[in-house]
Every structure is written in C-alpha cells, then in structure tokens.
Amino acid sequence: MTDAAALPGQPRGAVVTGPATERAVNVLAPNASPMTLDGTNTWILSEPDSPLAVVVDPGPLDEGHLRRVIDTAESLGKRVALTLLTHGHPDHAEGAGRFAELTGTAVRALDPALRLGDEGLSAGRAIEVGGLELRVVPTPGHTADSLSFHLPADRAVLTGDTVLGRGTTMVAHPDGRLGDYLDSLRRLRSLTVDDGVHTVLPGHGPVLEDAQGAVEYYLAHRATRLAQVETAVENGHRTAAEVVAHVYADVDRSLWPAAELSVRAQLEYLSEHGLI
C-alpha cells in the first residue's frame, strides 16, 4: 500500500461526503467514471455560525444528488444562498439550472451562457455570503472558462478540474489551451507561496493537503509530457493519435480520447513556440 503522504499533493484518503475543512463540506455525486474518478465533488461552503451557504458545482442533472446537497446543507442549519460554477462541463454544471429552481438561487459563472441572474464572475472579485469570503481566481486551460475559488479563511482553494485529487487533468483542446493552463498552474503556485494556501478542494478525487506540492507536480508532469510529445514528433509520429499511442502507451486506453485532446493542445503549443 502506498503511503498517501508520499503521493503528489498528499491526498487525504478516500473521497467521502462530509466535512473537509472548517468551512467546506463535500457531497459526492454518483457519477463515477474513468474521467470523473470517484464522481463530482459538490462543495457546500459556509461560515460556521452563518445560516447561509454557497454551493460550488452542483454537478450532473441528477435529482437525487441535487436534493442530497440541499438536505446536507439544511442538516447543518444552512440555506443555500448562491450557486457558483468552476466551469461548464456537464459533470459540474448540468444540474445547475434545476438546482437553482430547487433553491431559488442565482447561478454565477464566467461563461454568460451558464449564468442565471445578472451577475457573472471576474478575476480578483471577492464574493461574500453570510460572512464567508471567496476570491475568484481565473485558471483557464482545462477549458477557457475555468475558474478556481480561493477560500482564505481555510487557506484552501477550490480548483474544479484544474487540479484533481488524483492523477492529472486534460487540456480540452481546442477550448482549452496549454499556454493558458501553464499560466494558471503558476498562478495557483503563487497562492501557495504568497497567500499560504495549503489545501486543495478539487472537483474530483480526494482533498490534497499539500497544495504547493500538487501544483509543482503538475508543472513537472506537463514539462515531461511536452518533452515526450516533442520527441515523438521528431521520431516521425505526426498525428495526435500516433503521439498518444506512443507517449501514453502506459495509460488506460479508455482515457486515450481525453489524452488526444491534451496532445492536440501540446502540438499547438510546440508549433506556436517554433519547437516543431
């Protein structure tokens, strides 16, 4: 058995529904798959003594899950007052419209098409609900509309799919771009260095206790993969599918379609920088 403390980011352990930090409670959606790991983490955030809560990523359009989120909040003495989205992929956002109906809340997101209500989300903006403070951190790359949310009081960051609790994420080309993603990882690293963030509350997988270690691992992993893709092209593997078969040979084949999106993003990045 591998010691969790030795793994990148020091994952906490099993993914469970329940408290993760003083202000964050997870409700795990029943949509486990190779792409979503254990399922989507829906986060309920609130100050301990406040009757109001914020929900981040209601998850898939699953009535049972959406009602469990509300029931969990109510069991804690909370009323959901606002819904936020880290990005628009269905496993995070498909249930947002129905959740808004059930809770009477606005839905705020970077992408105007996902919003319900007048307000969106912009870089550096502070959100306050019932004394809870969240800061919007732009983290494009996985998708163009990806955001993270800094929870200063818990020295934590909610990363959506930008940093996962296990493994690494894809760059969903053409919407996602590798250059943007690398900049986003560096932005998250700055949060760990300059703002003392030590906990990652991811969109999938377990909580990470070592935020800086996780981000450093992601940056190193991306550099390694980029070098492997560059070498594969130099050796005659020209198409994204050929590169995936060569570079990702040790990865479960069910994940190859996602890997191909990342490879396309890497090929674009290498081409833009005159490396292939």
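Everything that follows concerns the structure shown earlier in this document.
Remember, it's a predicted structure, so these values are computed and weren't measured experimentally. (Residues numbered from 1 in each chain as written. Predicted model: local features only at pLDDT ≥ 70, side-chain atom pairs only at ≥ 80, totals over all residues. Heavy atoms only, no water.)

1. Some details on the packing of aromatic side chains
Which entries qualify depends on this criterion: In summary, the pairing rule links any two rings of Phe, Tyr or Trp, Trp by its six-membered ring, whose centres are within 6.5 Å, and it sorts them by plane angle into stacked for under 30 degrees, edge-to-face for over 60 and tilted for everything else. Burial classes follow relative accessibility: with a 1.4 Å probe on protein chains only, a residue under 20% of its type's maximum area counts as buried, one over 50% as exposed, and anything between as partly exposed. Remark: a charge is flagged as sitting over a ring if the NZ atom of Lys or the CZ atom of Arg is within 6 Å of the ring centre and within 35 degrees of the ring normal.
Summed over all chains, the structure comprises one aromatic pair. When the ring of Tyr217 is compared with that of Tyr218, the centres are 6.3 Å apart and the planes differ by 70°; the resulting orientation is edge-to-face. Classification of Tyr217 as partly exposed rests on a relative accessible area of 34%. Tyr218 sits in the buried class, given a relative accessible area of 3%. The side chain of Arg225 reaches across the aromatic face of Tyr248, ending 4.2 Å from its centre.

2. What to know about the sheet that holds strand β6 (residues 107-108)
This is how it is decided: Note on pairing: DSSP must find at least two bridges between two strands before they are called paired. Only DSSP runs of H or I with at least four residues qualify as helices, and only runs of E with at least two residues qualify as strands; both kinds are numbered from the N terminus onward. Contact criterion: two residues are considered in contact whenever any of their non-hydrogen atoms come within 4.5 Å of each other. Geometry is summarised by axes, namely lines fitted to C-alpha atoms with helices restricted to the contacting stretch, and by angles between N-to-C directions that run from 0 to 180 degrees.
Across the sheet, six strands lie side by side as β1-β2-β3-β4-β5-β6; this open sheet has mixed pairing. One side of each edge strand has no neighbouring strand; the edge strands of this open sheet are β1 (18-19) and β6. Sheet analysis places strand β4 (residues 52-56) next to strand β5 (residues 79-84), joined by five bridges and oriented parallel. Bridge assignment links Ala53 to a residue of β5, and that residue is Val80. Relative to strand β2 (residues 24-28), helix α1 (residues 63-75) is tilted by about 150°, and along the sheet it contacts β2, β3 (41-45), β4 and β5. Seen against the sheet, helix α3 (residues 96-103) touches β4, β5 and β6 and runs at an angle of roughly 155° to β5.

3. Section: the side chain of Thr162
Its place among the elements puts Thr162 in the loop between β10 (156-160) and α4 (178-194). For Thr162, a relative accessible area of 1% translates into the label buried.

4. Details of α3
Selection rule: Throughout, the arc means that of the directions going from the helix axis to the C-beta atoms.
Along α3, the residues classified as buried are Ala96, Phe99, Ala100 and Thr103. Buried residues in α3, looked at end-on, bunch into an arc of 105°, giving them a common side. Considering only its buried residues, α3 is in contact with β4, α1, β5, α2 (90-93) and β6. Remark: Gly104 follows α3 within two positions and exhibits a positive phi of approximately 70°.

5. Brief notes about the packing of helix α6 (residues 240-247) against helix α7 (residues 256-272)
The line we're drawing: Any angle that is under 35 degrees is reported as roughly parallel, and any over 145 degrees as roughly antiparallel; angles of 65 to 115 degrees are reported as roughly perpendicular and all others as oblique. Left-handed is the label given to a crossing in which the near helix is rotated counterclockwise from the far helix by less than a right angle, and right-handed is the label when the rotation is clockwise.
At their nearest, the axes of α6 and α7 sit 9 Å apart, and the two run at 110° to each other. Looking at the two axes, α6 sits roughly perpendicular to α7. Viewed along their axes, α6 and α7 form a crossing whose handedness is right-handed. Mapping the contact onto sequence places Ala240, Ala241, Val243, Val244 and Ala245 in α6 and Trp256, Ala259, Glu260, Val263, Arg264 and Leu267 in α7.

6. Things to note about the environment of Leu114
With respect to the helices and strands, the residue Leu114 is situated in the loop between β6 and β7 (126-129). Using a relative accessible area of 23% as the deciding quantity, one classes Leu114 as partly exposed. For the pair formed by Leu114 and Leu84, sequence separation is 30 residues and the distance between their alpha carbons is 10.0 Å.

Don't take any of this as a statement about function, it's just geometry.
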